[in-house]
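Chain and residue survey
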Amino acid sequence: MTGSRRPRRGNAAHRIYSVVVFVVLASLDNVAIGLVPPLYGPISGALGVPQRMLGLVTAVSFLVSAVAAVGWAYVGDRTNRKPLLMVGTLVWAAGTGGSALATGFPTFLAAQLVAAVGLGAVGSVGFSVVTDLISPRRRGLVMSFWGLSQGVGTLAGTLTGGLLGAADWRRPFLLLTVVGLAATVAYLLTYDIRRGQSEPELAGAIDAGVEYDYRITRADLPRILGRRTNRWLILQGLTAQAAFGSLVWLPVLFAERAEGQGYSAATAVVVGSVFATLFQLGGVFSIVGGLAGDALQRRTPRGRALVAAVGVLAALPFYLVLFFVPIRIDVPDGGGTGAVVGAVLASVVTEPTIGLSLLTALVALALTSANSPNWFALIADVNPPEHRGTVYSLGNLVNGVGRAAGNGLVGAVFHSLRAAFPPPLNYAVGLAAFQLFFIPTGLMYWLASRTSPHDIEAVRDLLHDRADRPRTG
């Protein structure tokens, strides 16, 4: 730290606005991700390719976004973060607009990959910024809103794609492009959040105007991977996201069930999107997971990791029930979108199997949602401020590999299972098999609970030392 002086902090209203902007706009990358799967059918017909090719586009986009995020995050941990977020937002908006204008599969693929590069900036750089606004005591709670915003983004993408794109698949992409341009303007009005300003160990020095000027260097990378908790937090994403990545096919599962009951393809797309959206509402309980992590962390430094481990493992049987509970769909075939949506919502009350499916899904999502806020908070707890964006991006890279594998391979699994299990049963069996990846995920969180106390204490000692002995110059 150096004795250079800067204004201490933005006023309360400006800080709140900045938090809201970063959290809400972080959901947009998941809107973009969730937009395509409900429209696999219409897009494949328009571009003349099988649906599994579009599944591979989504899988490759996950991977490209995750790789790009490492570069964005490393630069963000060294420089001013606001311009990077603005540039990244403009890039993904351009790619989303290009997707809407694509007339062939190669053009659509190229546009999706451009969007993926820009999306890599939003999560990784935004995460680094948000952790500098949150004290360790409330990290789980605030990070639950960060994670929830991304879950809401996925739901919004699923719903927007299925409803707005049922008649014309290009319209949702054009709408999201406009939203991306508006997001760039919103970023302009946020203030430059100071690195390390939320850390209790640095509070006195920063309030006195001392600048925390430590930045990541290439020599730090071995130290990052040398922290044992980082290794478990990064590796768990490989198996967790293989399971989560397969769930983007939920709209297809329920659309196939609708078609199997005799409904037209257009009606089935709407039905699948609405069911998938309803069944993912359990993600709102990530707030409970974040609160539980904060509460247990105050009692034991193993708390956050233990909450995540229990949640992931306990959710597994509920997912298995969800995929196999038979449901009877009663909606007006060929009716307007509003009529179909209304009929689906009414069936939650009037049709017992749908009510049971919804309850099962809510419990499953509520349990697994404990993963997200505690993962975010643990990364901040066991790493100094100048490493967090990079560690997040490395974890996100492994997440992207796992999610790409889950999303891409499950499509091939569905196809191979078709001979033994006719649709929609092949989708149910394939999805159930992929949820078994949650078992090693839970075990890795338990291992992280054993290593995190030492790593948390080491970071606190480091920050205390830097605050007590500022650098000169």
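**Quick word on empty space enclosed by the protein**
Rolled over the atoms, a probe as big as a water molecule pinpoints where empty space is left. Across all of its chains, the model carries two cavities of 30 Å³ or more by this definition. In this structure, the largest cavity encloses a volume near 1100 Å³. The wall of the largest cavity is formed by 50 residues, among which Asn30, Gln150, Thr154, Gln241 and Arg403 lie closest to the centre. No other element matches helix 6 (residues 139-164), which puts nine residues into the lining of the largest cavity. Tallied by class, the residues present in the lining of the largest cavity amount to 24 nonpolar, 24 polar and two charged.

**Quick look at the nonpolar core**
Among the nonpolar cores identified, the biggest contains 107 residues, and Ile43, Phe108, Phe173, Trp249, Phe275, Tyr319 and Phe323 are the most heavily contacted of them. When residues of this core are assigned to their parent elements, the largest contribution, 10 residues, is made by helix 5 (residues 105-131). Excluding anything up to four places from it in sequence, Phe173 contacts Leu35, Val36, Leu39, Ile43, Thr96, Ser99, Ala100, Phe108 and Gln112. If you look at the next biggest cluster of nonpolar residues, it comprises seven residues, including Leu202, Val459, Leu463 and Ala467.

**Details of the layout of surface pockets**
Here the largest pocket is characterised by a volume of approximately 290 Å³. Every residue lining the largest pocket is counted, 20 residues in all, and those nearest its centre are Pro136, Gln297, Asp381, Ile456 and Arg460. Those elements giving two or more residues to the lining of the largest pocket turn out to be helix 13 (286-299), helix 17 (371-381) and helix 20 (438-468). Sort the elements by how many residues they give to the lining of the largest pocket and helix 20 lands first, with six residues. The residue makeup of the lining of the largest pocket, split by class, is eight nonpolar, one polar and 11 charged. Roughly 220 Å³ of volume is contained in the second largest pocket.

**Observations concerning the side chain of Arg195**
One can find Arg195 in the loop between helix 7 (171-188) and helix 8 (203-207). Arg195 gets classed as buried once you look at its relative accessible area, which sits at 8%.

**Some thoughts on the packing of helix 11 (residues 250-260) against helix 14 (residues 303-324)**
The interhelical angle for the contact between helix 11 and helix 14, taken along N-to-C directions, is 30°, at an axis separation of 11 Å. Comparing the axis directions of helix 11 and helix 14 gives the class roughly parallel. Between helix 11 and helix 14, the residues in contact are Leu250, Leu253 and Arg257 and Leu322, Phe323 and Phe324, respectively. The residue makeup of the contact of helix 11 with helix 14, split by class, is five nonpolar, no polar and one charged.

**Here we look at the confidence of the model for the chain**
Of all residues in the chain, 97% have pLDDT values of 70 or greater, and the mean over the chain is 84. Considering each helix and strand of the chain separately, the mean pLDDT is smallest for helix 1 (residues 12-35), with a value of 76, and largest for helix 20, with 93.

**What about the packing of aromatic side chains?**
The relative placement of two aromatic rings is captured by the distance of their centres and the angle of their planes. In this structure the tally under the stated criterion is 17 aromatic pairs. Geometrically, the ring pair formed by Phe108 and Trp169 is edge-to-face, given 6.0 Å between the ring centres and 80° between the ring planes. Of the two residues, Phe108 is situated in helix 5 and Trp169 in the loop between helix 6 and helix 7; the sequence distance between them amounts to 61 residues. As far as the burial class goes, Phe108 and Trp169 line up, both buried. Seen from their ring centres, Tyr319 and Phe323 are 6.4 Å apart, and the 25° between their planes marks the pair as stacked. Here Tyr319 and its partner Phe323 are both found in helix 14, four residues apart, which amounts to about one turn of the helix.

Parameters and conventions
Residues numbered from 1 in each chain as written. Predicted model: local features only at pLDDT ≥ 70, side-chain atom pairs only at ≥ 80, totals over all residues. Heavy atoms only, no water. 1 Å grid on protein atoms, 1.4 Å probe; cavity = no way out; pocket = protein on both sides within 12 Å on 5 of 7 lines; lining within 4 Å. Points joined across faces, edges and corners; volume = space filled by probe spheres on them. Helix = DSSP H or I, 4+ residues; strand = E, 2+ residues; numbered from the N terminus. Nonpolar A, V, L, I, M, F, W, Y, C, P; charged D, E, K, R; others polar. Core = buried A, V, L, I, M, F, W, Y, C linked by side-chain atoms within 4.5 Å. Buried < 20%, exposed > 50% of the residue type's maximum accessible area, 1.4 Å probe, protein only. Contact = heavy atoms within 4.5 Å. Axes fitted to C-alpha atoms, helices over the stretch in contact; angles between N-to-C directions. Parallel < 35°, antiparallel > 145°, perpendicular 65-115°, else oblique. pLDDT = per-residue confidence, 0-100. Phe/Tyr/Trp six-rings, centres within 6.5 Å; stacked < 30°, edge-to-face > 60°.

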